[in-house]
Structures are given as C-alpha cells and as structure tokens.
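Given next are the chains, with one letter for each unit.
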Amino acid sequence: MTAVAETSASLGHAIDRSSDPLIRVEGVWKIFGRNASRIVGTPDADLSRSELREKHDCVAAVRNVSFDVWPREVFVVMGLSGSGKSTLVRTLIRLIEPTAGRVEIDGGDITAANQTQLRELRRHTSSMVFQHFGLLAHRRVIDNVAFGLEIQGMPKAERLRRAEDVLKLVGLEDVANSFPDQLSGGMQQRVGLARAFAVEPKVMLYDEPFSALDPLIRRDMQDEVIRLQHETGKTMVFITHDLPEALRLGDRIAIMRDGAIVQLGTPEELVGSPADDYVANFVRDIPRSHVLTLRWIMRDPRSGEEDGPQLDIRTTVRNAVPLIVQSVKPVCAVEAGRVVGVVDKEAVLNAIAGENS
C-alpha cells in the first residue's frame, strides 16, 4: 500500500542548488541617522536599539544580515512590526541604501551598481509587489499589467500580447478592459501580481502584499502565489509578519528581531527546534503535526521493517496518521524510491504530544 504525499509550497517545486545562489547577502547593515556609517565595525554597533538611539541618535534597522537564496526557492523573512524585514528587502535592490555590506543578484554586485545599472535591474531582473497595489486608476487593467513593459520600451502590440498572456496566467483575462476601481481588493492584487510577472523577472520580491486583505481573500492569494511559483519557477523573497503564511509559503524562513536574524531554517526546523525563547513563543500555537514531516520523526529500520506501507518522506505527520494507525508494521519513509527510515505509532504519539507541551 502506497500513499501520496500532500501538496504544499515546499513540495511542488525543486530548488536548484546545482549552481550559485541567485541572491547573496553578506553582512548587510542599515542604520538611520547622522554618522551612521561610523558605527558599523565599532563596539557601539552591538548596542541595543534604545542605547544606540540615546548615544548616537541612530536607529539600527538591519544588523549584520547574511543569507543566500537559491534559484526556484521561496525565501520568507518574517518578524513583528519594526523588526527590520521591510527595510531589508528594500536594501536588496537599493530602494533603501544599505549602510554596509554586499548584495549580489544573479552574479551582479548590487551595492556597487550605478544608477543606470540599478534601473536595468529593477526593470528586467527583479519585480516587487507591495501591500498597496499602486495601480494606475486612469488605465485599463491590461495597460496596468503592460506598464513595466512600456517602461522597458517594448512596442505596444507586443506588450499588450504579453499582458494578455499574463492575465490568463492569473485568471483575469475577462477583466482586461476594466478599470482598477471596478475590481475587488483581491482582484486588484492579482493585477499587481500580473504586472510584476509580465516583465519576466528572475527574482520576485513581496513586501507584505496581502496584509490589507481579509482572511479568505488572503488565503486565496497565498494559493495563487504557490501556483504561480510552481508554474513559473520564479525565485521569491516574501516578507510577512504572519507565521502561518510564512510556514505555508516558505522553503526556508528567516525570523528577524531588532534588525537581526535570530533563526534561519525550514518550517520544520523552526517548529521542531526553535533556536531560543523568542522563536519558541512565535511557534507555540502552531500544531507540530501540521508542519513536521516523516523526515523529522523517523528512525532507522530494524530487521524486517522495510516491507511496511510506504509514504514520501515529505508527508506531514498529520497526513500520515491514518495510514500509520491502521498499519500493523511501521510506515516506511521513502526518498527517491529508497526506504530511508520508518515511523511507528510511538513516534507519532510523541510528535502530537509535543503540541501540548
């Protein structure tokens, strides 16, 4: 008996680690205030935000942040308001100038780029989706979607054909000739997504794009991002303050506090092994069985245990429970067609019990 693993953001695409990271961030700082550049590299850089404000009248929004993002990866940055996450994503394409550090995108040194190179980056290599849709009220939906292509200088007929294709991708081809104020909030955000995808960027940057939407529309938009990622294979950096959203979308998640990353890992790693009390407090209300997979709870098989029912190693505990409960033998966790471990009822009970500990 073989069951099929559930579908999730992390199961529907393959991250490409065969080449270099598409985004590389090394030691990025952003300090607001006079003489900010003189603080990095000194003992005062380690002062708390309140101490730094009192001593230098400066605010450290981003503190020595480093990470890589691989092709086709969905990399989520999350934290509470004021944690520095939105400032960080803006430094990636220098909408906000970093105080120190280095950012590379697709092999190019963004921190060393001149204004012409930055414009080309923003027009061709990256697209950003904001919380506020920023649609042009006097333009039709199709013209809004084609706007980035117009900025690139693409001929009108060609850009409208491309806009039509992208509107079909997001399911809005029927409203191509409508105006933004004739659409619901969710539809307007879909137009924003279509506009970002129209320029065929290598990197999609999302800055809390669904925060203003009601819960049902927000979930629909999350589904849309997951579907678009699966269909297009875009590399995504997604900013959010919502942990369930982060867990649902992210291959890896960086949790920020006071400008610094306090833990970076997969959803399983954050929920199953939080780095400190701050992260533990974030994830305490998340049902572990909904996030942890067989990989997290499996053990090595004993003699005669490798002929039990099989499940993909990425199956969540929650989805594996029915098969494990009815099976006499432990369930085999399978990866690339090979049994790599087994999961028995005791392991499942321990995982579920951890939800209430």
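Everything below is about the structure shown above.
The paragraphs below set out a description of the structure included in this document. All values reported here derive from a predicted model rather than from experimental measurement.

Calculation criteria
- For every chain, the first residue of the written sequence is number 1, and numbering continues from 1 along that sequence.
- Thresholds applied to this predicted model are a pLDDT of at least 70 for local features of residues and 80 or more for the giving and counting of side-chain atom pairs; totals over whole chains, interfaces and linings are not thresholded and use all residues.
- Hydrogens and water are ignored here; the side-chain numbers use all heavy atoms of the structure.
- Only protein chains enter the accessibility calculation, which uses a 1.4 Å probe. A residue is then buried if its area is under 20% of the maximum for its type, exposed if over 50%, and partly exposed in between.
- A run of H or I in DSSP counts as a helix once it spans at least four residues, and a run of E counts as a strand once it spans at least two, with each numbered from the N terminus.
- Here, the term right-handed applies to a crossover whose path from the first strand over the helix to the second runs clockwise when the strands point away from the viewer.
- Expected span of a helix, by definition, is 1.5 Å for each gap between consecutive residues, and there is one gap fewer than residues.
- Contacts described as polar in this section are N or O atom pairs within 3.5 Å, which, within protein, must combine one atom able to donate a hydrogen with one able to accept it, while residues neighboring in sequence count only if both atoms come from side chains.
- In this analysis a 1.4 Å probe is tested at points of a 1 Å grid over the protein atoms alone, and where it fits but cannot get out there is a cavity; an open set with protein on both sides within 12 Å along at least five of seven lines is a pocket; lining residues have an atom within 4 Å of a point.
- Grid points are joined across faces, edges and corners, and a volume is the space filled by probe spheres set on the points.
- When residues are grouped by polarity, Ala, Val, Leu, Ile, Met, Phe, Trp, Tyr, Cys and Pro land in nonpolar, Asp, Glu, Lys and Arg in charged, and all others, Gly among them, in polar.
- Throughout this description, the term nonpolar core refers to a set of buried Ala, Val, Leu, Ile, Met, Phe, Trp, Tyr and Cys residues connected via side-chain atoms within 4.5 Å.
- Every residue pair with non-hydrogen atoms within 4.5 Å of one another is taken to be in contact.
- The rule for pairing is simple: two strands pair if DSSP sees at least two bridges between them.
- Angles here are taken between N-to-C directions and fall from 0 to 180 degrees, while the axes themselves are lines fitted to C-alpha atoms, restricted in helices to the stretch in contact.
- Throughout this description, the term salt bridge denotes a Lys or Arg side-chain nitrogen within 4 Å of a carboxyl oxygen of Asp or Glu.
- Here a pair means two rings of Phe, Tyr or Trp (six-membered ring of Trp) with centres within 6.5 Å. Their orientation is stacked below 30 degrees between planes, edge-to-face above 60, and tilted elsewhere.
- Two conditions define a charge sitting above a ring: the NZ of Lys or the CZ of Arg must be within 6 Å of the ring centre, and it must be within 35 degrees of the ring normal.

Overview of the pairing of strand E7 (residues 203-207)
Line of reasoning, step 1. For E7, the buried fraction is high: five of the five residues fall into the buried class.
Line of reasoning, step 2. As for the winding sense of the linkage, the β-α-β connection from E7 through helix H8 (residues 215-232) to strand E8 (residues 235-240) is right-handed.

Points about H8
Line of reasoning, step 1. Its 18 residues give H8 an end-to-end C-alpha distance of 25 Å, which sits within 8% of 26 Å, the value for a rise of 1.5 Å per residue.
Line of reasoning, step 2. Among the residues of H8, those classed as buried are Arg 218, Met 221, Gln 222, Glu 224, Val 225, Ile 226, Leu 228 and Gln 229.
Line of reasoning, step 3. The N-capping residue of H8, defined by a side-chain oxygen 3.2 Å from the backbone nitrogen of Leu 216, is Asp 214.
Line of reasoning, step 4. Residue Gly 233 follows H8 closely and has a positive phi angle near 70°.

Remarks on the layout of surface pockets
Line of reasoning, step 1. Here the second largest pocket is characterised by a volume of approximately 610 Å³.
Line of reasoning, step 2. Among the elements that line the lining of the second largest pocket, the one with the most residues is strand E6 (residues 126-130), at five residues.
Line of reasoning, step 3. Class assignment for the residues of the lining of the second largest pocket results in 11 nonpolar, seven polar and four charged.

Some thoughts on the nonpolar core
Line of reasoning, step 1. Formed by 52 residues in total, the largest nonpolar core has its most connected members in Val 145, Leu 167, Tyr 206, Ile 253 and Ile 255.
Line of reasoning, step 2. A per-element tally of this core places helix H7 (residues 185-198) first, with six residues.
Line of reasoning, step 3. Once residues within four sequence positions are removed from consideration, Leu 167 is found in contact with Val 141, Ile 142, Val 145, Leu 172, Glu 173, Ala 176 and Ala 194.
Line of reasoning, step 4. Counting residues in each nonpolar core, the second largest holds 28 residues, with Val 89, Leu 92, Ile 105 and Ala 113 among its members.

Notes on the sheet that holds strand E13 (residues 338-343)
One key point about sheets: their strands pair by backbone hydrogen bonds, in either a parallel or an antiparallel sense.
Line of reasoning, step 1. Read across the sheet, three strands follow the order E11-E12-E13 without closing on themselves; strand pairing throughout is mixed. Strands with a single pairing partner mark the edges of an open sheet, and in this sheet they are strand E11 (310-312) and E13. Between one strand axis and the next, the sheet turns through 40° on average, direction left out of account.
Line of reasoning, step 2. Of the pairings in the sheet, the one linking strand E12 (residues 331-335) to E13 comprises five bridges and is antiparallel in character. Of the residues in E13, the one forming a bridge with Glu 335 is Arg 338.
Line of reasoning, step 3. Helix H14 (residues 317-326) contacts E11, E12 and E13 of the sheet and is inclined by roughly 175° relative to E11.

Some words on the pattern of salt bridges
Opposite charge on two side chains permits them to pair, given that their charged atoms come into close proximity.
Line of reasoning, step 1. If you walk through the whole model with that rule in mind, you get 23 salt bridges.
Line of reasoning, step 2. Of the charged contacts, one joins Arg 218 and Glu 245 as a salt bridge, the two residues approaching to 3.1 Å between their closest N and O atoms. Of this pair, Arg 218 sits in helix H8 while Glu 245 is found in helix H9 (residues 243-249), placing the two residues 27 residues apart along the sequence.
Line of reasoning, step 3. Across the salt bridge formed by Glu 335 and Arg 295, the nearest N and O atoms sit 3.1 Å from each other. Taken as a pair, Glu 335 in strand E12 and Arg 295 in helix H13 (residues 294-297) lie far apart in primary sequence, 40 residues in all.
Line of reasoning, step 4. Accessibility expressed as a relative area gives 39% for Arg 295, which makes it partly exposed.
Line of reasoning, step 5. Overlapping salt bridges bring together Arg 190, Glu 224, Arg 227 and Glu 231 as one network.

Things to note about the packing of aromatic side chains
Line of reasoning, step 1. Per the stated rule, a full pass over the model turns up four aromatic pairs.
Line of reasoning, step 2. The interplanar angle of 85° and the centroid separation of 5.3 Å between the aromatic rings of Tyr 278 and Phe 282 together place this pair among those described as edge-to-face. Here Tyr 278 pairs with Phe 282, and both are found in helix H11 (residues 277-283), just four residues apart, close to one helical turn. For the residue pair Tyr 278 and Phe 282, the accessibility class agrees, reading buried in each case.
Line of reasoning, step 3. Taken together, Tyr 206, Phe 210 and Phe 238 form an aromatic cluster joined through their ring pairs.
Line of reasoning, step 4. In this arrangement the basic side chain of Lys 30 is found over the ring face of Phe 32, its NZ or CZ atom lying 4.9 Å from the centre.

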